[in-house]
Amino acid sequence: MLDAVTLDQLRTFIAAAETGSFSAAGRKIDRAQSVVSQSLANLELQLGVSLFDRAGRYPQLTAQGRALLRDAYAVADNMDGFKARASSLREGLESEISVAVDVMFPMDGLTRAVGFCRDVFPDTPLRLYVETLGGVIQPVLDRVCRIGIIGTLPSVPDELMSEPLCDLPMVTVVSATHPLAAIQRPLTSAELAQQVQLILTDRTDLSDGKSFGVLSPLTWKLADLGAKHEFLKARFGWGHMPLHMVEADIATGQLVKIVIAGSERQSATLPMRIVYRKDLPPGPAGRAFIDQLKSWDINALPAGPGGSSAR
């Protein structure tokens, strides 16, 4: 009986679990409610377990249903990936390498990967967007870019596949003439809350209602990392920055690293990841680009502006 389980049944099961009703599931997958009900009844019969408790007004997942839902997602995702990979192979070489990159990512690693693809795929042009937060994700969701390099937006929409890339060292800094710089000990939350924090803002609504590393109610929101860098040096506030971008300023004493109480023994990093649509994976040029990014050694990054012009 298990061999008769179909992908369509699993997608119907997922739709019913996500929408909370068989009629809503039918609308989502363009099936009549009666077809959804019959498909799920057949699936339960084939599996030998009850997926939904139908005693109430709306069907509720049983314990067995919740356990099997994770596997149903995995099977559906794997099949989507299988079909997308086959489509990519059929398509051949992409017409361009289109990438949205988080502004935090070092330009040194990016130019290395781009240079490799220029040599190996000389007739494949590049389209590059440098953004932050949801601005990196949105072009990938909209199919404007095939590849995204994300960091400042930690959550990934369900439509996207994610691959780990690297952990980017981060520091919290302030101008050497800023009042916080004179405090020679870890800073409390109350002390930080009294000063303006410079933060990056999202041009999209993908991070609405969420804050990442915001510790002060006094914030200046900037959409450009270069502007944030200059505002920090101008003593307009304090903020978190990628180490490679401010290392030279710390060495010359223009910026000072500050430590937040409770994080003295923690090494702050920003996990960077590669993302792409599950139904539109990278082709040969895109995969070569990703492989070059993964082979790049972030520890070999040159200090100062030479390794940090991503802005």
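Being a predicted model, the structure only gives us computed values, none of them experimental.

Describing the overall build of the protein chain
- The helix and strand tally for the protein chain stands at 10 helices and 11 strands.
- A burial count over the protein chain gives 43% of its 311 residues as buried.
- Sequence-distant contacts in the protein chain: of pairs separated by 6 or more residues, those separated by 24 or more amount to 73%.
- Here the protein chain displays about 15700 Å² of accessible surface, and carbon together with sulfur accounts for 53% of that area.

Some words on the pattern of salt bridges
- Inspection of every chain in the model, using the stated rule, returns 12 salt bridges.
- Between aspartate 8 and arginine 31 there is a salt bridge, with its nearest N and O atoms 2.8 Å apart. Of this pair, aspartate 8 sits in helix 1 (residues 7-19) while arginine 31 sits in the loop between helix 2 (22-29) and helix 3 (33-47), placing them 23 residues apart in sequence.
- A salt bridge links lysine 233 to glutamate 230; the nearest nitrogen and oxygen atoms lie 3.3 Å apart. Taken together, the residues span about one helical turn, with lysine 233 and glutamate 230 both in helix 8 (residues 225-233) at a distance of three residues.
- Given the relative accessible area of 41%, glutamate 230 is considered partly exposed.
- What you see here is one network of salt bridges that share partners, running through Glu163, Arg287, Asp291 and Lys294.

Notes on the side chain of serine 39
- Tracing the sequence through the fold places serine 39 in helix 3.
- Residues contacting serine 39, with those up to four places away along its chain left out, are Gln9 and Thr12.

A short note on the packing of helix 1 against helix 3
- The N-to-C vectors of helix 1 and helix 3 enclose an angle of 110 degrees; their axes lie 9 Å apart at closest approach. Here helix 1 is positioned roughly perpendicular relative to helix 3, judged by the angle of their axes. As for how helix 1 packs across helix 3, the hand of that crossing is left-handed. Only Val36, Ser39, Leu40, Asn42, Leu43 and Gln46 of helix 3 make contact with helix 1, whose side of the interface consists of Gln9, Thr12, Phe13 and Ala16.
- Partitioned by chemical class, the residues of the contact of helix 1 with helix 3 number five nonpolar, five polar and no charged.

Digging into the nonpolar core
- Grouped together as the largest cluster of nonpolar side chains are 39 residues, with contacts concentrated most on Phe105, Ile149 and Phe289.
- At six residues, the largest contribution of residues to this core is made by strand 6 (residues 160-175).
- Counting residues in hydrophobic clusters, the runner-up holds 15 residues, among them Leu10, Ile14, Ala15 and Val36.

What to know about the environment of aspartate 249
- Mapping aspartate 249 onto the fold places it in helix 9 (residues 243-252).
- Linking aspartate 249 and alanine 176, residues 73 residues apart in sequence, is a C-alpha distance of 9.9 Å.
- Excluding its chain neighbours within four sequence positions, the residues that come into contact with aspartate 249 are His229, Lys233, Gln254 and Leu255.

A closer look at the confidence of the model for the protein chain
- The share of residues in the protein chain with pLDDT of 70 or more is 88%, and the mean pLDDT across the chain is 86.
- Note on residues 304-311: pLDDT is under 50 here. Beyond four places in sequence and across chains, it has 23 contacts.

Considering helix 2
- Turning to helix 2, its buried residues are Phe22, Ala24, Ala25 and Gly26.
- Looking at the buried residues of helix 2, the elements they touch are helix 1, helix 3 and strand 1 (52-53).
- Once helix 2 ends, the next one or two residues include aspartate 30, with phi positive near 60 degrees.

Looking at the packing of helix 2 against helix 3
- In the contact formed by helix 2 and helix 3, the axes pass within 8 Å of each other and the chain directions differ by 105 degrees. On the basis of the axis angle, helix 2 is roughly perpendicular to helix 3. Of the residues in helix 3, those in contact with Phe22, Ser23, Ala25, Gly26 and Ile29 of helix 2 are Gln33, Val36, Ser37 and Leu40.
- Of the residues contributing to the contact of helix 2 with helix 3, the split by class is five nonpolar, four polar and no charged.

Some thoughts on helix 8
- Of all the residues in helix 8, the buried ones are Leu225, Gly226, Lys228, His229 and Leu232. Seen from one end, helix 8 has its buried residues packed into an arc of 160 degrees, which puts them on one side.
- In the core, the buried residues of helix 8 are packed alongside strand 6, strand 7 (197-200), strand 8 (219-222), strand 9 (239-242), helix 9 and strand 10 (255-257).
- Count one or two residues on from helix 8 and you reach arginine 235, which has phi positive near 60 degrees.

Considering the side chain of threonine 12
- When you line up the elements, threonine 12 lands in helix 1.
- Residue classification places threonine 12 among the buried residues on the basis of a relative accessible area of 2%.
- Threonine 12 has contacts with Ile29, Val36, Ser39 and Leu40, leaving out every residue within four places of it along the chain.

Reading the values: the criteria
Residues numbered from 1 in each chain as written. Predicted model: local features only at pLDDT ≥ 70, side-chain atom pairs only at ≥ 80, totals over all residues. Heavy atoms only, no water. Helix = DSSP H or I, 4+ residues; strand = E, 2+ residues; numbered from the N terminus. Buried < 20%, exposed > 50% of the residue type's maximum accessible area, 1.4 Å probe, protein only. Contact = heavy atoms within 4.5 Å. Areas by Shrake-Rupley, 256 points an atom, 1.4 Å probe, with all protein chains shown as cover. Salt bridge = Lys/Arg side-chain N within 4 Å of Asp/Glu carboxyl O. Axes fitted to C-alpha atoms, helices over the stretch in contact; angles between N-to-C directions. Parallel < 35°, antiparallel > 145°, perpendicular 65-115°, else oblique. Left-handed = near helix turned anticlockwise from the far one by under 90°. Nonpolar A, V, L, I, M, F, W, Y, C, P; charged D, E, K, R; others polar. Core = buried A, V, L, I, M, F, W, Y, C linked by side-chain atoms within 4.5 Å. pLDDT = per-residue confidence, 0-100. Arc of directions from axis to C-beta.

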